[in-house]
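# Overview (structure and organization)
Each chain, letter by letter, is given below.
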Amino acid sequence: MAKVMAPMRGAAAMPAGPTWIYRFEDGSASMRDLLGGKGAGLAEMTRAGLPVPDGFTITTEACLAFYRNDRRLPEGLDESLRRNMALLEQHTAKRFGEGANPLLVSVRSGARVSMPGMMDTILNLGLNDRTVEGLAALTGNPRFAWDAYRRFVQMFGKVVLTIDGEHFERVIAARRQAEGVATDPQVSVEGWRAVVTEFKALVQGETGSPFPQDVYAQLLRAVEAVFGSWNSKRAIDYRKFNKIPDDWGTAVSVVSMVFGNMGDDSGTGVAFTRNPSTGERRLFGEYLSNAQGEDVVAGIRTPMAISELEKAQPGVYRQFVQIAAKLERHYRDMQDMEFTVERGRLYMLQTRSGKRTAQAAVRIALDMVDEGVISRDEALRRVDAETLNQLFHARIDPAQAYTAAATGLNASPGAATGAIVLDADTAVAWAKDGRDVVLVRAETAPDDVHGMIAARGVLTQKGGATSHAAVVARGMGKPCVAGCENLRIDERARTITLAGATLREGDAITIDGTSGAVILRGLPLIPPPSTLPEWLARFLGWADERRRLGVWANADTPEDARRARELGAEGIGLTRTEHMFFGPDRLPIVREMILSDTPEARAKALAELLPFQRADFEGILEAMDGLPVTIRLLDPPLHEFLPPLEELLVDSTELRMTYGEDDARYREKHRVLERVRELHEQNPMLGFRVCRLGIVYPEIYAMQVRAIVEAAVALRRRGVDAQPAIMIPGVGNLREMEVTAQQARATIAQTLEALGAGAAELSIEVGTMVELPRACIVADQLASVAEFFSFGTNDLTQTTLGYSRDDAEASFIPQYLERKILSDDPFQVLDREGVGELMRMGIERGRRARPKMKIGICGEHGGEPSSVAFCDEAGLNYVSCSPYRVPIARLAAAQAALANAGPREGTDQD
């Protein structure tokens, strides 16, 4: 809470009790939490002597009290409003509600952070049937007065009385047609008089009450409406997307009106001190002559570039340029400003730190360091790490207008457009023919990976942000929209249905994995940069100088590894070997291995797989020459490599009915069906998988370890500094760790001996992926055998919370977030109180047994900024994330180090 300042001379006496209102001269920029960004900005500009209309701000505390009071204004606010309006009358020499010299005000929202367009504003408040005549006589411009009145009735009707705005627009359109004019400024004074009459009749018809003529009733209801807009759907959705707390509330600024619609020497505009898209150091904005602010926003008229104001009113333009420079110097940041020109006189209505793209944020930070305005550390703090996501994915061209047919979970960022394909094989075939495709599935499975690789993006009906589709797509840098529950797929008809429209396979579709939008047509996209731009490399170089955490990547292919290295990864923290088994040339061998009845038959199939695995590992290790690569041994249950049970039941039944039980095709299909039945589990997540596979079928892990060693030795003999490490998944007790580690180390020793001279120089660490609560509790025991830990927080979150991630994100988690049972999706933002405490326990106990133990994280949380901050606090050595999130993790790690100066937990590192 900002410090309460004593009122300045001339301010209203403040009685005991809450101070609901501050005049502009009583506030300052430091009171942003209390006065909101708009109120604090107006106060600061007033104190700096800039031309600001007189007014006051109702605090965010009053908004919160409004909601505690069942959406009624808190006690004392009515009296305080009247007292401050009286002061406003004194300062402006006008009277609120009087006809001769009427005082009109605007009522504007303003949260502590910018939420552009999310809440409501009302202009020209104080006009009624009496004051409009006084305004007309005072200005000598009846048309202006009646235009202002119709604007007020329209805004008040829409915002306060919640009348559909289209009703008002139809009245105006009919008036333009009746007068034979094209634009609003061409409508006559008689026309606006008639429109006001029709508007008031509309209000009476829609509400059953006449339009309010009491100006204080107008004011009180307007304040209530603006407070109410804090919880409008659009505001709630915006806060949810931008992680803005719901309990901040909005302030309300009441500002004496200045008019931009009094003729060609008047106007209104919005401008930025630098380009918010590119960061270019040049005034950027728009100006609309003879207009009020909503005309710019509504897009009814086309504004001119701010530079054109120099030609129309050079003196005003020079003054504005000087003020803009002064504001940027004062706030030491790019400013977003609103202003009005009334009869050649400039008034500043708002200044705030401007919203900007990731590119602009980085370039502005770099330039301000070069200009000596801010330090490097402040530059690093200025850029939201998460926004760097924008830079590495295709985006929908912002010049394109479109309507989303549906919205799913924004599972992997970026946009993709292409022909709809409904299976992975078709995706591969069409992509080979040069077609861009979007893979559309109910949900993806591991054997869809080849189709995901071929596709530009993935859309699924089911699944969440850590579903198979989401995790794999993020690793590949592919856009993905998951859990689009309104999507219907008819695989027999080869169609999809969404929002009442049916599209056929081959029709164009666009998905935006950043927002979750699905658009039922193709849209032009802006491609991502092919390499790290020089300006971003320089900025991230500053981040690297400050961070304490290493930043590694999760990569399953040489292409992923190379991309990760280009983006600054210092190692590979997770290579998932199971994805290598799904290639069309090896999946039949994997299935034969699973179907084998004897160890000998299984060994034969594994011997055929060995060259494939060795080549896979050579590719990744060579791409990371000189850097560590952590390879996880086989993790998923074996049934994932076989066709689904339901599909096999249908196919075997059809074969039996068509050809009989003696047919070879039926017998083979039936053999596979019986094996799938044997492997079928009620809860495969907790079943026969992870290290349990390696213990029951040690030959599988032995083949993988041998392939790793042979690949590393072959590369070293070619001069490549291969640095593999072997990670055993899902260990939960000491004996599991001992058995699997002993088997791995024995295979390493045997393979090195068999390879002969020079091979023995290779040292390969064996560690474990910590993904069970019990593993954290007995971490000291595991560390007596394991040489490193890596927290697999995807599964650790599931096993700690008891949530199935694929099911939870599509069922109850959205409700939990809506009802504030959860503050964040725990599969996207690390659960510090539960999962985090288990991690702290694992770190402390692991390093108690092995003091210099290397510990990292390789779950999806490794690239999420607040989770990276936790990892820094907890004393981890590194985070590992999807390749395209490496720049985010680099910046987030630097920001964490700046925020958490001093020794870290669990380590003696600075």
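Residues numbered from 1 in each chain as written. Predicted model: local features only at pLDDT ≥ 70, side-chain atom pairs only at ≥ 80, totals over all residues. Heavy atoms only, no water.

### Thoughts on the sheet that holds strand β16 (residues 457-460)
Cut-off, in case you're wondering: By this definition, two strands are paired if DSSP reports at least two bridges between them. The helix count covers DSSP runs of H or I at least four residues long, the strand count covers runs of E at least two residues long, and both are numbered beginning at the N terminus.
The eight strands lie next to each other as β12-β22-β21-β14-β15-β16-β17-β13, forming an open sheet whose pairing is mixed. What marks the edges here is a single partner per strand, and that holds for β12 (406-407) and β13 (409-412). Relative to strand β15 (residues 437-441), strand β14 (residues 415-421) runs parallel, the two being bridged by three bridges. Considered in β15, the bridge of Val421 is made with Leu439.

### Topic: the packing of helix α13 (residues 358-370) against helix α18 (residues 534-546)
Going by this rule: Orientation is described by lines fitted to C-alpha atoms, with helices fitted over the stretch in contact, and by angles between N-to-C directions that extend from 0 to 180 degrees. Note that the term roughly parallel is reserved for angles under 35 degrees, roughly antiparallel for angles over 145, roughly perpendicular for angles of 65 to 115, and oblique for everything else. Here is the rule for handedness: rotate from the far helix to the near one, and if that takes an anticlockwise turn smaller than a right angle the crossing is left-handed, while a clockwise turn gives right-handed. Here, two residues are considered to be in contact whenever any of their heavy atoms come within 4.5 Å of each other. Three categories are distinguished: nonpolar for Ala, Val, Leu, Ile, Met, Phe, Trp, Tyr, Cys and Pro, charged for Asp, Glu, Lys and Arg, and polar for the others, with Gly belonging to the last.
At a closest axis distance of 10 Å, the pairing of α13 and α18 adopts a crossing angle of 70 degrees. With respect to each other, α13 and α18 are oriented roughly perpendicular. As α13 packs across α18, the resulting crossing turns out to be left-handed. Each of Gln359, Val362, Arg363, Ala365, Leu366, Val369 and Asp370 in α13 lies in contact with α18, whose residues at this interface are Trp535, Leu536, Arg538, Phe539 and Trp542. The residue inventory of the contact of α13 with α18, partitioned by class, reads eight nonpolar, one polar and three charged.

### A word on unusual backbone geometry
Test applied: Burial classification: accessible surface area is computed with a 1.4 Å probe over protein chains only, and a residue below 20% of its type maximum counts as buried, one above 50% as exposed, and the rest as partly exposed.
For Ala499, which is not a glycine, the phi torsion comes out positive at approximately 55 degrees. Accessibility expressed as a relative area gives 57% for Ala499, which makes it exposed. In the Ramachandran plot, Val690 falls in the positive-phi region, its phi being about 45 degrees despite a non-glycine side chain. Within the secondary structure layout, Val690 lies in the loop between α23 (664-679) and α24 (691-696).

### Digging into the sheet that holds strand β8 (residues 304-305)
Here we have five strands laid out as an open sheet, ordered β8-β7-β6-β9-β10, and antiparallel in their pairing. Two strands close off the open sheet at either side, each with one partner strand: β8 and β10 (345-353). Here strand β6 (residues 267-272) pairs with strand β7 (residues 284-289) via six bridges, running antiparallel. The residue bridging Gly269 from the neighbouring strand is Tyr287, located in β7. Against the sheet, helix α12 (residues 314-331) makes contact with β6, β9 (335-342) and β10, and its axis sits at roughly 25 degrees relative to β10, the strand it touches most.

### A short note on helix α1 (residues 32-47)
Here is the rule: To estimate how far a helix should extend, the number of its residues minus one is multiplied by 1.5 Å.
Taking 1.5 Å per residue, 16 residues should reach 22 Å; α1 reaches only 15 Å between its end C-alpha atoms and comes up short. With twelve of 16 residues buried, α1 lies mostly within the body of the structure. For α1, the full list of buried residues reads Leu34, Leu35, Gly36, Gly37, Lys38, Gly39, Ala40, Gly41, Leu42, Ala43, Glu44 and Met45. Positioned one or two residues after α1, Gly49 has a phi angle of 80 degrees, which is positive.

### Topic: the confidence of the model for the protein chain
Note the threshold: A score between 0 and 100, pLDDT records how confident the predictor is in each residue.
Summarising the model, the protein chain shows a mean pLDDT of 90, and 94% of its residues fall at 70 or more. Below a pLDDT of 50 lies the segment residues 1-15, which in the model reaches 29 contacts outside its immediate sequence neighbourhood of four places, other chains included.

### Describing the pattern of salt bridges
Pairing is possible between side chains that carry opposite charge, provided their charged atoms lie close to one another. We count it as follows: Salt bridge criterion: a side-chain nitrogen from Lys or Arg within 4 Å of a carboxyl oxygen from Asp or Glu.
According to the stated counting rule, one finds 69 salt bridges in the structure shown. Asp795 serves as the salt-bridge partner of Arg689, at 3.2 Å between the closest nitrogen and oxygen. Linking Arg689 in the loop between α23 and α24 with Asp795 in helix α29 (residues 793-801), this pair joins segments that are 106 residues apart in sequence. The pair Arg689 / Asp795 is uniform in exposure class, with both members buried. Taking the shortest distance from any N to any O, the salt bridge between Arg805 and Asp795 comes out at 4.0 Å.

### Notes on α13
Since the α-helix advances by 3.6 residues per turn, residues separated by three or four positions end up pointing in the same direction. Its 13 residues place the ends of α13 19 Å apart at the C-alpha level, agreeing with the 18 Å of an ideal helix rising 1.5 Å per residue. Close packing links the buried residues of α13 with α12, α14 (376-382) and α18. Directly after α13, the chain includes Gly372, whose backbone phi takes a positive value near 80 degrees.

### Brief notes about the environment of Gly354
As for its position among the elements, Gly354 is in the loop between β10 and α13. Using a relative accessible area of 6% as the deciding quantity, one classes Gly354 as buried. Expressed as a C-alpha distance, the spacing of Gly354 and Met337, which sit 17 residues apart in the sequence, is 8.2 Å. For Gly354, the residues in contact, after removing those within four places along its chain, are Phe272, Met334, Gln335 and Asp336.

### Some thoughts on the packing of helix α21 (residues 599-623) against helix α25 (residues 698-717)
Viewed as axis vectors pointing N to C, α21 and α25 meet at an angle of 40 degrees, and their least axial separation amounts to 8 Å. The orientation of α21 with respect to α25, classified from their angle, is oblique. Here α21 and α25 pass one another in a crossing that is right-handed. On α25, the residues touching Arg602, Leu606, Leu609, Leu610, Gln613, Arg614, Phe617, Glu618, Leu621 and Glu622 of α21 are Glu699, Ile700, Met703, Gln704, Arg706, Ala707, Ile708, Glu710, Ala711, Ala712, Ala714 and Leu715. In terms of residue class, the contact of α21 with α25 is made up of 13 nonpolar, two polar and seven charged.

### Points about the pairing of β6
Among the six residues in β6, five count as buried, and that is most of the element. Two strands pair when backbone bridges link them, and β6 and β9 are joined in this way by six bridges, in the antiparallel orientation. Pairing of Thr268 across the sheet is with Thr340, part of β9.

### Here we look at the side chain of Asn554
To keep things clear, this is the line we draw: Whenever two N or O atoms come within 3.5 Å, that pair is a polar contact, provided that in protein one can donate a hydrogen and the other can accept it, and provided that, for residues adjacent in sequence, both atoms are side-chain atoms.
With respect to the element layout, Asn554 can be found in strand β24 (residues 550-554). A distance of 3.2 Å separates the side chain of Asn554 from the backbone oxygen of Cys858, its partner in a polar contact. Among all residues touching Asn554, those that are not within four sequence positions of it are Gly573, Leu574, Arg576, Cys858, Gly859, Ser880, Cys881, Ser882 and Pro883.

### Notes on the side chain of Thr131
By the element assignment, Thr131 lies in helix α4 (residues 131-139). Its relative accessible area of 0% is what places Thr131 among the buried residues. A distance of 3.0 Å separates a polar atom in the side chain of Thr131 from the backbone oxygen of Gly126. Here Thr131 is in contact with Gly97, Glu98, Gly99, Pro102 and Gly126, once residues within four sequence places are set aside.

### Quick notes on a negative patch on the surface
What counts is decided by this rule: Nonpolar side chains (Val, Leu, Ile, Met, Phe, Trp, Tyr) within 5 Å and like charges within 9 Å form the patches, drawn only from residues with over 30% relative accessible area and no salt bridge. Using a 1.4 Å probe, accessible areas were evaluated by the Shrake-Rupley method; residue-level cover was limited to the displayed protein chains. By the counting rule applied here, Lys and Arg register as positive and Asp and Glu as negative, while His and the ends of each chain are not counted. Charge positions are represented by NZ for Lys, CZ for Arg, CG for Asp and CD for Glu.
On the surface, a cluster of negative charge is made up of Asp164, Glu166, Glu169 and Glu206. Classification of Glu166 by relative accessible area gives partly exposed; the value is 45%.

### Comments concerning the packing of aromatic side chains
Counted only if it meets this: Aromatic pairs are defined between Phe, Tyr and Trp rings, using the six-membered ring for Trp, whenever the two ring centres lie within 6.5 Å; interplanar angles under 30 degrees are classed as stacked, those over 60 as edge-to-face, and all others as tilted.
Inspection of the entire model under this criterion finds 19 aromatic pairs. On the basis of an interplanar angle of 45 degrees and a centroid distance of 5.5 Å, the ring pair of Phe66 and Phe227 is categorised as tilted. Placement of the pair is Phe66 in helix α2 (residues 60-68) and Phe227 in helix α8 (residues 215-229), with a sequence separation of 161 residues. Classification of Phe227 as buried rests on a relative accessible area of 0%. Their ring planes at 5 degrees and their centres at 5.9 Å tell us that Tyr287 and Phe339 sit as a pair that is stacked.

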